[in-house]
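# Coordinate inspection notes
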Amino acid sequence: MMALAADSERAAWVLALASELAAAQDFNDFHAALGEFVERVAPASGWSLLLRDADRDSFRVQRSSTGAADTVELGPELEVFWAGGPEPEPGALATLGGTRRSVAFAARLEYQGDPYGLFLVHSNDLASGLGDETRRILAAASRIVAARYVTIDLYQQAAGQARESAERLLCVRRLGTELSGGLVVEELVPKIVYAATEVTKAPVGTVVLKKGDRFETLTEFGIPFQVVADLRMAGGEKLLVDHVLESGETILVRDPASDGRVDFSRVTSHQVENLLAVPLATDQRKLGVLLVANSASRPLFPHEELGLVDNVAGVASQAIENAMVHEEGAQLRLAHKIQSSLLPATPPSFLGFDLAGWSQACDETGGDYYDFVVVDEDRLGVMVGDVSGHGLGAALYMMTARALLRSFLTTVPGIDAVLARTNNMLAKDMGSDQFMTCFLGLFDQKERKLLFTSAGHDAPFLYRQAEDRFLDLDSTGFPLGLMEDAEFPLGPAVDLASGDVLALGTDGIWEAMNPGDEEYGRERLCEVLRANAGQGAAQIVEAIRCGVLEFCAGRQQRDDWTLCVLKVK
């Protein structure tokens, strides 16, 4: 949940910067917006934009919040970074206007894959440097800065040129403004295709987005998806769009008859006279491909148009990713609401037992599950499960398993048969990379016995308070969903006595880590359980919850936490 909030805040900051830079009329507005952004993201830090001179032998200060003059000397670490080496460690030095400045973050500004300058952030507190989240935000912002700087530069250079060139530049500028507030991918794509065809004067275009292991088009502006599917790389069956997205390479075909890279032989319904395919990607995701084609009246794409299409692709990629983050967040919030409603709001009142439970996902949604089901007036079913992974996919798997277990528990005789039936259904319908561990217990209040079966789940904690000892209830079968027709035999029946406490949990609790990379462990949980065994079930759950949180000391966890406790009265 914390990770999702951080991602949403990061997307909002970068989206705001994109909007502010898109609205900048000139470099004064551009520098003002960039300065405000750096102050917001990295307080008490200065910044500089350095441009490489045409002779490629020196840099000059384009603008710096430090007020530095034009002369620049890069330290050794920054020279290595400019030449393609790793990002310098915090504390690297640059001499700006005769004053030595420390560098906490550096990014290359690129145009058409060719670096033309550096974006530097100077920090006054290099003891700790900038945090990882701050550096990720600055890295995302630097790509927008690079694209937008070139756009403004080109726009100012073209001010005195022909109206057609000016209109193309304005089209890119308008696109940045239009996309900056968009949060729905389906609404962004037509604007992107329109801008790309306007810039290139190509009559047709499309955006193809990668969805899992397949591509799909959200708008077909003269290029049907069948044409996209028919365009293959020469010498094989690989799709052109697959190659462009995987390699990050822009493919320009000016003459299909003589260009040997792309096989056009399958494209029979449309005459493709020339083609431009540009990858849409960010550092976080490979999104898809922008295609424009069939520029019959202007058979070549001039160099200036290629640069503008790159700008369109850069702005479009960031906007699409921001919209996807927003849409995924909305989906996760909805899934969380549904998932939370499926967990017991309050434990059932069942004679002879005191019940309590708690679950906390490490993401907005999780794959952990617990439930209490009254089978009849004498028997109570208790289930705890843990789906592999976490997030939306695990949550959906958990919801399916919950529905099956609740249905079979009240209709299928024998809890071993309940798990067997559930396993067969999951194995048929779920992916091969997913499975679920599960403990299923059946309490009989008349017989004061516990029957149980376990599908690969970690052993629960059964504490006999009268004897001050713990009993082991080992797993009896494989996890659910791995293979059909698996068996889940019953474990030995357990006689229950007043004061006995059964704690069922998922491994996220005892594998929880503190800032020193130490696990909470099963022994600590046993100590807390023993110390609080005289309390009610809700008090025992709360004592364990507080103990785990105190142990973790705020460290973000990698797995979900689930615990339910049954105390025999």
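Residues numbered from 1 in each chain as written. Predicted model: local features only at pLDDT ≥ 70, side-chain atom pairs only at ≥ 80, totals over all residues. Heavy atoms only, no water.

### Some points on the overall build of the chain
- Across its full length, the chain carries 14 helices and 24 strands.
- Counting every position in the chain, which comprises 569 residues, the buried fraction comes to 52%.
- A sequence separation of at least 24 residues applies to 66% of the contacts in the chain between residues at least 6 apart.
- Working note: accessible area of the chain is about 24800 Å², and carbon and sulfur atoms make up 50% of it. (Helix = DSSP H or I, 4+ residues; strand = E, 2+ residues; numbered from the N terminus. Buried < 20%, exposed > 50% of the residue type's maximum accessible area, 1.4 Å probe, protein only. Contact = heavy atoms within 4.5 Å. Areas by Shrake-Rupley, 256 points an atom, 1.4 Å probe, with all protein chains shown as cover.)

### What about a nonpolar patch on the surface?
- Taken together, the side chains of Phe435, Phe478, Leu482 and Met483 make up a nonpolar region of the molecular surface, amounting to roughly 380 Å² of accessible area.
- When its relative accessible area of 46% is taken as the criterion, Leu482 is described as partly exposed. (Patch = residues over 30% accessible without salt bridge, like charges linked within 9 Å, V, L, I, M, F, W, Y side chains within 5 Å. Salt bridge = Lys/Arg side-chain N within 4 Å of Asp/Glu carboxyl O.)

### A closer look at the pairing of strand β1 (residues 45–52)
- Most of β1 is tucked away: eight of the eight residues are buried.
- Every second residue of β1 is oriented toward a common face, with Ser45, Trp47, Leu49 and Leu51 on one face and Gly46, Ser48, Leu50 and Arg52 on the other, all of them buried.
- Here seven bridges tie β1 to strand β7 (residues 114–123), and the two strands are oriented antiparallel to one another. In the sheet register, Leu49 faces β7, and the bridge partner there is Phe119.
- The pairing of β1 with strand β2 (residues 59–64) spans five bridges and is antiparallel. Opposite Leu50, over in β2, you have Val61 as the bridge partner. (Pairing = 2+ DSSP bridges.)

### Quick word on the side chain of Thr282
- Mapped onto the elements of the fold, Thr282 is located in the loop between β13 (275–281) and β14 (286–293).
- For Thr282, the contacting residues outside a window of four places in its chain are Arg143, Leu287, Ser317, Gln318 and Glu321.

### Some words on the packing of aromatic side chains
- This structure, assessed with the given rule, holds 13 aromatic pairs.
- Both rings, one in Phe27 and one in Phe30, keep their centres 6.0 Å apart while their planes meet at 85 degrees; by these two values the pair is edge-to-face. In this pair, Phe27 and Phe30 both sit in helix α2 (residues 27–41), three residues apart, roughly one turn of the helix. Grouping residues by exposure puts Phe27 and Phe30 together as buried.
- Each ring, one from Phe59 and one from Trp82, has its centre 4.9 Å from the other, and the planes form 80 degrees; the classification is edge-to-face. Taken together, the residues Phe59 in strand β2 and Trp82 in helix α3 (residues 76–82) connect sequence positions 23 residues apart. Take Phe59 and Trp82: they sit in the same class, and that class is buried.
- In this structure, Arg108 packs its charged tip against the face of Phe81, placed 4.4 Å from the ring centre.
- Here the basic side chain of Arg522 rests over the ring of Trp510, its NZ or CZ set 5.0 Å away from the ring centre. (Phe/Tyr/Trp six-rings, centres within 6.5 Å; stacked < 30°, edge-to-face > 60°. Lys NZ or Arg CZ within 6 Å of the ring centre and 35° of its normal.)

### Things to note about the side chain of His31
- One can find His31 in helix α2.
- If near-sequence neighbours (up to four positions away) are discounted, His31 is found in contact with Trp47, Leu49, Gln62 and Arg63.

### Considerations on the environment of Asn322
- Examined against the element boundaries, Asn322 turns out to sit in helix α9 (residues 303–342).
- A sequence separation of 310 residues divides Asn322 from Ala12, and the C-alpha atoms of the two residues are 8.2 Å apart.

### Quick word on unusual backbone geometry
- The phi torsion at Asp485 lies on the positive side, around 65 degrees, for a residue other than glycine.
- By relative accessible area, Asp485 is classed as exposed at 64%.
- Despite not being glycine, Ala553 has its phi angle at roughly 50 degrees, a positive value.
- Among the secondary structure elements, Ala553 is positioned in the loop between α14 (537–552) and β24 (561–568).

### Re the pattern of salt bridges
- A complete count under the given rule lists 16 salt bridges for this structure.
- The partner of Lys210 in a salt bridge is Asp242, and the shortest N-O contact between them spans 3.2 Å. Taken as a pair, Lys210 in strand β8 (residues 204–211) and Asp242 in helix α8 (residues 240–247) lie far apart in primary sequence, 32 residues in all.
- One salt bridge connects Glu518 with Arg524, and the closest N-O pair in it is separated by 2.8 Å.
- Taking the relative accessible area as the measure of exposure, Arg524 reaches 30% and is therefore partly exposed.

### A short note on helix α11 (residues 415–429)
- Relative to the 21 Å expected for 15 residues at 1.5 Å per residue, α11 spans 21 Å between its end C-alpha atoms, a close match to the ideal helical length.
- Among all positions of α11, only Ile415, Val418, Leu419, Thr422, Asn423, Asn424, Leu426 and Ala427 are buried. (Expected span 1.5 Å × (residues − 1).)

### Side note on the pairing of strand β18 (residues 436–444)
- Of all nine residues in β18, nine are buried; the element is thus mostly enclosed.
- Neither face of β18 is left uncovered, since the one carrying Met436, Cys438, Leu440, Leu442 and Asp444 and the one carrying Thr437, Phe439, Gly441 and Phe443 both have all their residues buried.
- Across nine bridges, strand β17 (residues 379–387) lies against β18 in antiparallel orientation. Residue Val382 lies in a different strand from β18, and its bridge partner there is Gly441.
- Of the pairings in the sheet, the one linking β18 to strand β19 (residues 449–455) comprises six bridges and is antiparallel in character. Its bridge partner lying in β19, Phe443 is registered against Leu450.
- Two successive antiparallel strands, β18 and β19, enclose a turn made up of four residues, where Arg448 displays a positive phi of approximately 50 degrees.

### Considerations on the packing of helix α13 (residues 521–531) against α14
- Axis separation between α13 and α14 bottoms out at 9 Å; the angle between their running directions is 140 degrees. Relative to α14, α13 is oriented oblique. The crossing of α13 and α14 is right-handed. In this structure, α13 contributes Arg524, Leu525, Val528 and Leu529 to the contact, and α14 contributes Ile540, Ala543, Ile544 and Phe551. (Axes fitted to C-alpha atoms, helices over the stretch in contact; angles between N-to-C directions. Parallel < 35°, antiparallel > 145°, perpendicular 65-115°, else oblique. Left-handed = near helix turned anticlockwise from the far one by under 90°.)

### With respect to the sheet that holds strand β5 (residues 99–103)
- Taken in spatial order, the three strands of this open sheet run β3-β4-β5, and their pairing is antiparallel. Single-partner strands in this sheet number two, and they are β3 (72–74) and β5. The mean angle between the axes of side-by-side strands here comes to 25 degrees, regardless of whether they run parallel or antiparallel.
- When strand β4 (residues 92–96) meets β5, the two strands line up antiparallel, connected through five bridges. Note on β5: the bridge partner recorded for Ala92 is Val103.

### What to know about the sheet that holds β18
- Judged by pairing direction, the sheet is antiparallel, and its five strands sit side by side in the order β16-β17-β18-β19-β22 without closing on themselves. Lying at the two open borders of the sheet, with one neighbouring strand each, are β16 (368–374) and β22 (494–495).
- Of the pairings in the sheet, the one linking β16 to β17 comprises seven bridges and is antiparallel in character. Note on β17: the bridge partner recorded for Tyr370 is Val384.
- Sitting on the sheet, α11 touches β18 and β19, and the angle it makes with β19 is about 20 degrees.

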